[in-house]
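Structural characterization, general
Next come the chains, spelled out residue by residue.
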Amino acid sequence: MTNSKCGPIGIFDSGYGGLTILKEIRRRLPDYDYIYLGDNARAPYGTRSFDIVYRFTLESVKYLFSKGCRLVILACNTASAKALRTIQQHDLPEIDPSRRVLGVIRPTVERLGNYTRTGHIGVFGTPGTIQSESYDMEIAKLYPGFRTIGHACPMWVPLIENGEAGSEGADFFVRQEIFRLLAKDPEIDTIILGCTHYPLLYEKIRRFVPEHISLLTQGEIVASSLADYLARHKPLDAKLSKTEPGGSCTYLTTENSMKFSTMASLFLGAAIDAATIEL
(Lines give C-alpha, C1' and ligand atoms only; values in the text may rest on other atoms or scores of the structure.)
Protein backbone atom coordinates (compact mmCIF):
# COMPACT_ATOMS: atom_id res chain seq x y z
CA MET A 1 0.00 0.00 0.00
CA THR A 2 2.95 2.32 -0.60
CA ASN A 3 1.81 5.73 -1.77
CA SER A 4 4.10 8.58 -2.81
CA LYS A 5 1.52 11.27 -2.09
CA CYS A 6 1.71 13.48 0.97
CA GLY A 7 -0.66 12.75 3.84
CA PRO A 8 -1.62 14.02 7.29
CA ILE A 9 -0.13 13.02 10.63
CA GLY A 10 -2.35 10.51 12.39
CA ILE A 11 -2.94 10.84 16.13
CA PHE A 12 -4.52 7.81 17.79
CA ASP A 13 -5.93 7.24 21.27
CA SER A 14 -8.38 4.80 22.78
CA GLY A 15 -10.46 7.77 23.85
CA TYR A 16 -10.13 11.47 24.62
CA GLY A 17 -6.82 11.77 26.46
CA GLY A 18 -4.78 11.91 23.27
CA LEU A 19 -6.41 15.25 22.56
CA THR A 20 -4.06 16.75 25.17
CA ILE A 21 -1.15 15.48 23.04
CA LEU A 22 -2.75 16.70 19.81
CA LYS A 23 -3.28 20.15 21.30
CA GLU A 24 0.41 20.56 22.12
CA ILE A 25 1.58 19.05 18.82
CA ARG A 26 -0.58 21.50 16.88
CA ARG A 27 0.74 24.35 18.99
CA ARG A 28 4.32 23.31 18.16
CA LEU A 29 3.72 22.26 14.52
CA PRO A 30 0.73 24.37 13.47
CA ASP A 31 0.90 24.11 9.68
CA TYR A 32 0.73 20.33 9.36
CA ASP A 33 -2.50 18.46 8.61
CA TYR A 34 -3.79 15.99 11.20
CA ILE A 35 -6.34 13.21 11.63
CA TYR A 36 -7.32 12.36 15.19
CA LEU A 37 -8.92 8.97 15.76
CA GLY A 38 -10.45 8.02 19.09
CA ASP A 39 -11.57 4.40 19.51
CA ASN A 40 -14.11 5.52 22.10
CA ALA A 41 -16.55 2.68 21.44
CA ARG A 42 -14.00 0.19 22.78
CA ALA A 43 -12.45 2.35 25.49
CA PRO A 44 -10.99 2.15 28.03
CA TYR A 45 -7.93 0.19 26.94
CA GLY A 46 -6.27 0.48 30.35
CA THR A 47 -7.73 -2.74 31.77
CA ARG A 48 -7.64 -4.85 28.58
CA SER A 49 -5.14 -7.62 27.79
CA PHE A 50 -2.01 -7.13 25.71
CA ASP A 51 -3.50 -9.11 22.80
CA ILE A 52 -6.70 -7.06 22.66
CA VAL A 53 -4.89 -3.71 22.94
CA TYR A 54 -2.50 -4.77 20.18
CA ARG A 55 -5.33 -5.89 17.89
CA PHE A 56 -7.42 -2.76 18.43
CA THR A 57 -4.41 -0.47 18.02
CA LEU A 58 -3.27 -2.18 14.83
CA GLU A 59 -6.77 -1.86 13.34
CA SER A 60 -6.73 1.88 14.06
CA VAL A 61 -3.22 2.34 12.68
CA LYS A 62 -4.18 0.55 9.47
CA TYR A 63 -7.27 2.75 9.18
CA LEU A 64 -5.17 5.91 9.51
CA PHE A 65 -2.74 4.54 6.91
CA SER A 66 -5.70 3.98 4.58
CA LYS A 67 -6.50 7.69 4.96
CA GLY A 68 -3.05 8.64 3.73
CA CYS A 69 -1.15 9.02 7.01
CA ARG A 70 2.58 8.42 6.62
CA LEU A 71 3.19 8.85 10.34
CA VAL A 72 0.97 7.82 13.27
CA ILE A 73 1.49 8.87 16.88
CA LEU A 74 0.06 6.53 19.51
CA ALA A 75 -1.05 9.31 21.87
CA CYS A 76 -2.03 6.67 24.41
CA ASN A 77 0.23 5.24 27.10
CA THR A 78 -1.56 1.88 27.13
CA ALA A 79 -1.26 1.44 23.35
CA SER A 80 2.36 2.62 23.49
CA ALA A 81 3.04 0.10 26.25
CA LYS A 82 1.19 -2.90 24.85
CA ALA A 83 1.22 -2.52 21.05
CA LEU A 84 3.91 -0.14 19.76
CA ARG A 85 6.91 -2.45 19.73
CA THR A 86 5.07 -5.30 17.98
CA ILE A 87 3.64 -2.95 15.36
CA GLN A 88 7.05 -1.40 14.71
CA GLN A 89 8.95 -4.67 14.51
CA HIS A 90 6.39 -7.09 13.06
CA ASP A 91 3.68 -5.23 11.17
CA LEU A 92 5.30 -2.15 9.60
CA PRO A 93 7.84 -4.16 7.54
CA GLU A 94 4.91 -6.01 5.94
CA ILE A 95 2.52 -3.05 5.61
CA ASP A 96 4.94 -0.39 4.40
CA PRO A 97 8.51 0.03 5.72
CA SER A 98 8.49 3.72 4.80
CA ARG A 99 5.71 4.55 7.27
CA ARG A 100 6.30 5.23 10.94
CA VAL A 101 4.42 4.65 14.20
CA LEU A 102 5.72 6.42 17.32
CA GLY A 103 4.63 6.37 20.96
CA VAL A 104 4.64 8.65 23.99
CA ILE A 105 6.63 6.68 26.57
CA ARG A 106 10.20 6.95 25.28
CA PRO A 107 10.10 10.72 24.62
CA THR A 108 8.85 11.23 28.18
CA VAL A 109 11.56 9.03 29.67
CA GLU A 110 14.28 10.81 27.70
CA ARG A 111 13.52 14.03 29.58
CA LEU A 112 13.97 12.61 33.08
CA GLY A 113 17.65 13.51 33.30
CA ASN A 114 16.71 17.19 33.12
CA TYR A 115 14.58 16.99 36.26
CA THR A 116 15.55 14.37 38.81
CA ARG A 117 18.35 14.69 41.36
CA THR A 118 17.66 11.53 43.37
CA GLY A 119 16.95 9.20 40.42
CA HIS A 120 13.76 8.04 42.13
CA ILE A 121 10.90 8.32 39.62
CA GLY A 122 7.19 7.93 40.28
CA VAL A 123 4.75 7.05 37.51
CA PHE A 124 0.98 7.51 37.70
CA GLY A 125 -0.88 5.54 35.03
CA THR A 126 -3.78 3.28 34.16
CA PRO A 127 -3.67 -0.31 35.46
CA GLY A 128 -2.66 -1.50 31.99
CA THR A 129 0.27 0.89 31.66
CA ILE A 130 1.58 0.17 35.15
CA GLN A 131 1.11 -3.60 34.77
CA SER A 132 3.09 -3.55 31.51
CA GLU A 133 6.12 -2.08 33.33
CA SER A 134 6.94 -0.22 30.12
CA TYR A 135 8.14 2.86 31.97
CA ASP A 136 10.30 0.68 34.23
CA MET A 137 11.94 -0.95 31.20
CA GLU A 138 12.49 2.27 29.24
CA ILE A 139 13.92 4.06 32.27
CA ALA A 140 16.21 1.10 33.03
CA LYS A 141 17.52 1.24 29.46
CA LEU A 142 18.30 4.95 29.45
CA TYR A 143 19.09 5.44 33.14
CA PRO A 144 20.26 2.13 34.65
CA GLY A 145 20.79 3.65 38.09
CA PHE A 146 17.30 5.09 38.48
CA ARG A 147 14.53 3.52 40.54
CA THR A 148 11.00 3.50 39.08
CA ILE A 149 7.89 3.26 41.23
CA GLY A 150 4.66 2.78 39.27
CA HIS A 151 1.24 3.38 40.73
CA ALA A 152 -2.12 2.69 39.07
CA CYS A 153 -4.94 5.23 39.48
CA PRO A 154 -8.07 3.42 38.25
CA MET A 155 -10.47 6.19 39.35
CA TRP A 156 -8.80 9.15 37.65
CA VAL A 157 -9.92 8.57 34.05
CA PRO A 158 -13.59 7.95 35.02
CA LEU A 159 -13.54 11.14 37.11
CA ILE A 160 -12.29 13.14 34.14
CA GLU A 161 -14.64 11.60 31.58
CA ASN A 162 -17.62 12.18 33.86
CA GLY A 163 -16.80 15.86 34.17
CA GLU A 164 -15.68 15.63 37.80
CA ALA A 165 -12.04 16.69 37.36
CA GLY A 166 -12.63 20.05 39.01
CA SER A 167 -14.95 18.84 41.76
CA GLU A 168 -14.16 18.69 45.45
CA GLY A 169 -15.13 15.02 45.38
CA ALA A 170 -12.16 14.31 43.12
CA ASP A 171 -9.80 15.72 45.77
CA PHE A 172 -10.11 12.57 47.86
CA PHE A 173 -9.10 10.21 45.03
CA VAL A 174 -6.24 12.44 43.87
CA ARG A 175 -4.83 12.97 47.35
CA GLN A 176 -5.23 9.27 48.20
CA GLU A 177 -3.19 8.03 45.21
CA ILE A 178 -0.47 10.66 45.73
CA PHE A 179 -0.12 9.55 49.36
CA ARG A 180 0.04 5.89 48.35
CA LEU A 181 2.74 6.52 45.72
CA LEU A 182 4.94 8.64 47.98
CA ALA A 183 4.56 6.11 50.80
CA LYS A 184 6.25 3.54 48.53
CA ASP A 185 9.36 5.72 48.21
CA PRO A 186 9.83 9.04 50.05
CA GLU A 187 12.85 9.83 47.83
CA ILE A 188 10.75 10.33 44.70
CA ASP A 189 11.51 13.78 43.29
CA THR A 190 9.97 13.46 39.82
CA ILE A 191 6.53 12.11 38.88
CA ILE A 192 5.43 11.25 35.34
CA LEU A 193 1.74 11.68 34.61
CA GLY A 194 1.71 8.55 32.48
CA CYS A 195 -1.80 8.88 31.07
CA THR A 196 -2.84 11.50 28.55
CA HIS A 197 -6.02 12.23 30.52
CA TYR A 198 -4.12 13.36 33.60
CA PRO A 199 -3.24 16.90 32.45
CA LEU A 200 -6.89 17.75 33.16
CA LEU A 201 -6.13 16.95 36.80
CA TYR A 202 -2.79 18.76 36.78
CA GLU A 203 -3.72 21.71 39.00
CA LYS A 204 -5.33 19.39 41.55
CA ILE A 205 -2.36 17.00 41.52
CA ARG A 206 0.10 19.89 41.80
CA ARG A 207 -1.76 21.18 44.85
CA PHE A 208 -1.27 17.91 46.75
CA VAL A 209 2.23 16.98 45.57
CA PRO A 210 5.09 18.51 47.61
CA GLU A 211 6.67 21.53 45.90
CA HIS A 212 10.11 19.94 45.52
CA ILE A 213 8.71 17.17 43.28
CA SER A 214 8.64 17.82 39.53
CA LEU A 215 5.48 16.85 37.62
CA LEU A 216 5.94 15.83 33.98
CA THR A 217 3.00 16.06 31.58
CA GLN A 218 3.44 14.53 28.15
CA GLY A 219 1.92 16.99 25.68
CA GLU A 220 4.77 19.49 25.43
CA ILE A 221 7.39 16.74 25.70
CA VAL A 222 5.92 14.67 22.86
CA ALA A 223 5.40 17.77 20.69
CA SER A 224 9.02 18.84 21.16
CA SER A 225 10.26 15.31 20.49
CA LEU A 226 8.17 15.07 17.30
CA ALA A 227 9.50 18.41 16.01
CA ASP A 228 13.04 17.14 16.59
CA TYR A 229 12.24 13.80 14.95
CA LEU A 230 10.90 15.45 11.80
CA ALA A 231 13.91 17.76 11.63
CA ARG A 232 16.13 14.66 11.65
CA HIS A 233 14.00 12.68 9.16
CA LYS A 234 13.62 15.01 6.20
CA PRO A 235 12.38 12.38 3.69
CA LEU A 236 9.48 11.52 6.00
CA ASP A 237 8.76 15.16 6.74
CA ALA A 238 8.55 15.83 3.00
CA LYS A 239 5.70 13.29 2.77
CA LEU A 240 3.57 15.07 5.40
CA SER A 241 0.94 17.43 4.06
CA LYS A 242 0.56 21.01 5.23
CA THR A 243 -2.16 23.63 4.84
CA GLU A 244 -0.74 27.05 5.64
CA PRO A 245 -1.52 28.94 7.68
CA GLY A 246 -2.78 26.90 10.58
CA GLY A 247 -3.05 23.41 9.09
CA SER A 248 -6.19 21.27 9.19
CA CYS A 249 -7.50 18.65 11.61
CA THR A 250 -10.12 15.97 11.06
CA TYR A 251 -11.68 14.33 14.12
CA LEU A 252 -12.90 10.74 13.93
CA THR A 253 -14.44 8.47 16.56
CA THR A 254 -15.86 4.97 16.74
CA GLU A 255 -18.52 6.30 19.15
CA ASN A 256 -21.38 8.75 18.69
CA SER A 257 -19.94 11.83 17.00
CA MET A 258 -22.03 14.32 18.98
CA LYS A 259 -20.97 12.76 22.27
CA PHE A 260 -17.33 12.84 21.17
CA SER A 261 -17.52 16.46 20.01
CA THR A 262 -19.01 17.55 23.33
CA MET A 263 -16.39 15.74 25.41
CA ALA A 264 -13.53 16.79 23.14
CA SER A 265 -14.30 20.44 23.81
CA LEU A 266 -13.34 19.84 27.46
CA PHE A 267 -9.91 18.63 26.41
CA LEU A 268 -9.27 21.16 23.65
CA GLY A 269 -10.98 24.24 25.02
CA ALA A 270 -12.68 24.76 21.64
CA ALA A 271 -15.65 23.36 19.75
CA ILE A 272 -14.97 20.68 17.14
CA ASP A 273 -17.05 18.67 14.69
CA ALA A 274 -16.31 14.93 14.64
CA ALA A 275 -17.43 12.10 12.38
CA THR A 276 -18.21 8.50 13.33
CA ILE A 277 -16.35 5.68 11.59
CA GLU A 278 -16.26 1.88 11.83
CA LEU A 279 -13.09 -0.12 12.14
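Now for a description of the structure that goes with this document. (Residues numbered from 1 in each chain as written. Predicted model: local features only at pLDDT ≥ 70, side-chain atom pairs only at ≥ 80, totals over all residues. Heavy atoms only, no water.)

Comments concerning the nonpolar core
Keep this limit in mind: Nonpolar core, defined: a set of buried Ala, Val, Leu, Ile, Met, Phe, Trp, Tyr and Cys residues in which side-chain atoms within 4.5 Å join the residues together. When a residue's accessible area, from a 1.4 Å probe over protein chains only, is under 20% of the maximum for its type it is buried; when over 50% it is exposed; and in between it is partly exposed. The criterion used for residue contact is that any of the two residues' heavy atoms lie within 4.5 Å.
In terms of nonpolar packing, the biggest core is built from 54 residues, with Leu-19, Ile-191 and Tyr-251 touching the most fellow members. With residues up to four places along the chain from it excluded, the contact list for Ile-191 reads Gly-122, Phe-124, Leu-181, Leu-182, Val-209, Ile-213, Ser-214, Leu-215 and Leu-216. Formed by 24 residues, the second largest nonpolar core is a distinct cluster that contains Val-61, Phe-65, Val-72 and Ile-277.

What to know about helix H2 (residues 50-66)
We count it as follows: Helix numbers and strand numbers start at the N terminus; a helix is a DSSP run of H or I with at least 4 residues, a strand a run of E with at least 2. In this scheme, a helix's expected span is set at 1.5 Å multiplied by one less than its residue total.
Here H2 spans 24 Å end to end across 17 residues, near enough to the 24 Å set by a 1.5 Å rise per residue. Taken residue by residue, H2 has Val-53, Phe-56, Thr-57, Leu-58, Ser-60, Val-61, Tyr-63, Leu-64 and Phe-65 as its buried positions. Just downstream of H2, Gly-68 is the residue with a positive phi angle, here 100 degrees.

Some words on the pairing of strand E2 (residues 34-38)
This is how the line gets drawn: Only when DSSP finds a minimum of two bridges between them are two strands counted as paired. Orient the strands so they point away from the viewer; a crossover is then right-handed if the path from the first strand over the helix to the second runs clockwise.
Most of E2 sits inside the fold, with 5 of its 5 residues counted as buried. In E2, alternate side chains face the same way, and those of Tyr-34, Tyr-36 and Gly-38 on one face and Ile-35 and Leu-37 on the other are all buried. Two strands pair when backbone bridges link them, and strand E1 (residues 9-13) and E2 are joined in this way by 5 bridges, in the parallel orientation. Directly across from Gly-10, in E2, lies its bridge partner Ile-35. The parallel pair E1 and E2 is bridged by helix H1 (residues 18-28), and the resulting crossover is right-handed. Inspection of the sheet shows E2 paired to strand E9 (residues 249-253) by 5 bridges, in the parallel sense. Bridged to Gly-38 within E9 is Thr-253.

Focus on the sheet that holds strand E7 (residues 190-193)
To be explicit about the condition: Throughout, an axis means a line fitted to C-alpha atoms (over the contacting stretch in the case of helices), and angles, computed between N-to-C directions, take values from 0 to 180 degrees.
Taken in spatial order, the 4 strands make up an open sheet running E6-E5-E7-E8, and their pairing is parallel. Of all strands in the sheet, those with a lone pairing partner are strand E6 (147-152) and strand E8 (214-216), marking the two edges. For this sheet, the mean inter-axis angle between neighbouring strands, taken without regard to orientation, is 20 degrees. Bridging between strand E5 (residues 120-125) and E6 involves 6 bridges; their strand directions are parallel.

Some remarks on unusual backbone geometry
Cis geometry marks the peptide bond from Ala-43 to Pro-44, where omega comes out at 0 degrees. Along the chain, Pro-44 falls in the loop between E2 and H2. That bond from Glu-244 to Pro-245 is cis: its omega, -10 degrees, falls within 30 degrees of zero. Residue Glu-133 is not a glycine yet carries a positive backbone phi of 60 degrees. Relative to the helices and strands, Glu-133 is located in the loop between helix H6 (127-132) and helix H7 (134-142). When its relative accessible area of 45% is taken as the criterion, Glu-133 is described as partly exposed.

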